[in-house]
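Commentary on secondary and tertiary structure
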Amino acid sequence: QVQLAESGGGLVQTGDSLRLSCAASARSFSSYAMSWFRQAPGKERDCVAAISVSGSNTHYADSVKGRFTISRDNAKNMAYLQMNSLKPEDTAVYYCNAVAHWGGTYWGQGTQVTVSS
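First, a word on what this report is: a plain description of the structure on this page. These numbers come from a predicted model, not from an experiment. (Residues numbered from 1 in each chain as written. Predicted model: local features only at pLDDT ≥ 70, side-chain atom pairs only at ≥ 80, totals over all residues. Heavy atoms only, no water.)

A short note on the sheet that holds strand β8 (residues 78-83)
The four strands are arranged β1-β3-β8-β7 in an open sheet whose pairing can be described as antiparallel. Where the open sheet ends on each side, the last strands, each with one partner, are β1 (4-7) and β7 (68-73). Mean inter-strand twist for the sheet, computed between neighbouring axes without regard to direction, equals 15 degrees. (Pairing = 2+ DSSP bridges. Helix = DSSP H or I, 4+ residues; strand = E, 2+ residues; numbered from the N terminus. Axes fitted to C-alpha atoms, helices over the stretch in contact; angles between N-to-C directions.)

This is how it looks when you write it as structure tokens:
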């Protein structure tokens with residue numbers, strides 16, 4: 001079992017940057033592939049970035065490719081989402097997600113990111 005806690009959200013202006021952090025309670029953090037999802041009001045929750053258990057493979061949604069970077073520090077049980085060149089369309093609640101190699105899926109509570117024009 002793993003518990004996830006996101007932090008780092010806030011109110012920023014177009015073009016600004018934010019770094020979201022996800023702290024995991026799992027004893028073996030490297031057992032989990034990590035990803036970041038976001039959900040705007042009235043919209044479906046969509047994956048924006050993912051990273052493999054080793055950190056060697058990453059995936060980004062087309063809407064954030066080139067602007068967002070996902071990373072992880074297995075020694076610190078942390079995952080991060082660096083968000084640059086933010087746009088109003090990036091406004092959403094951002095959720096940390098962990099998937100174990102055996103199939104278990106876990107979610108954080110979410111952190112609000114608001115980008116004003």
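Once the structure has been displayed, the description carries forward.
Observations concerning the state of the cysteines
Within the structure shown, the criterion is met by one disulfide. Note on cysteine connectivity: C22 is disulfide-linked to C96, with sulfurs 2.0 Å apart. Given an S-S torsion of about -85 degrees, the disulfide between C22 and C96 has left-handed geometry. Separated by 74 residues along the polypeptide, C22 in strand β3 (residues 18-24) and C96 in strand β9 (residues 92-100) bring together distant segments of the chain. Residue classification places C96 among the buried positions, given a relative accessible area of 0%. Distance from the sulfur of C47, which forms no disulfide, to the nearest cysteine sulfur (C96) is 11 Å. (Disulfide = S-S within 2.5 Å. Buried < 20%, exposed > 50% of the residue type's maximum accessible area, 1.4 Å probe, protein only.)

Points about the nonpolar core
Counting 32 residues, the largest nonpolar core has L4, Y32, M34, W36, L81, M83 and Y94 as the members making the most contacts within it. For this core, the elements supplying multiple residues, two or more each, are β3, β4 (32-39), β5 (46-51), β7, β8, β9 and β11 (111-116). Among the elements that line this core, the one with the most residues is β9, at five residues. (Core = buried A, V, L, I, M, F, W, Y, C linked by side-chain atoms within 4.5 Å.)

Remarks on the environment of E44
With respect to the element layout, E44 can be found in the loop between β4 and β5. If sequence neighbours within four positions are ignored, E44 has contacts with R38 and Q39. (Contact = heavy atoms within 4.5 Å.)

What about unusual backbone geometry?
Phi at N77 takes a positive value of approximately 55 degrees, unusual for a residue other than glycine. Summarising the element assignment, N77 is placed in the loop between β7 and β8. Positive phi, close to 50 degrees, is recorded for S85, a residue that is not glycine. Its place among the elements puts S85 in the loop between β8 and β9.

Overview of the side chain of E6
With respect to the secondary-structure elements, E6 resides in strand β1. At 2.7 Å, the side chain of E6 and the backbone nitrogen of C96 are in polar contact. Here the side chain of E6 touches G110 through a polar contact of 2.9 Å, landing on its backbone nitrogen. (Polar contact = N/O pair within 3.5 Å; in protein donor to acceptor, adjacent residues only side chain to side chain.)

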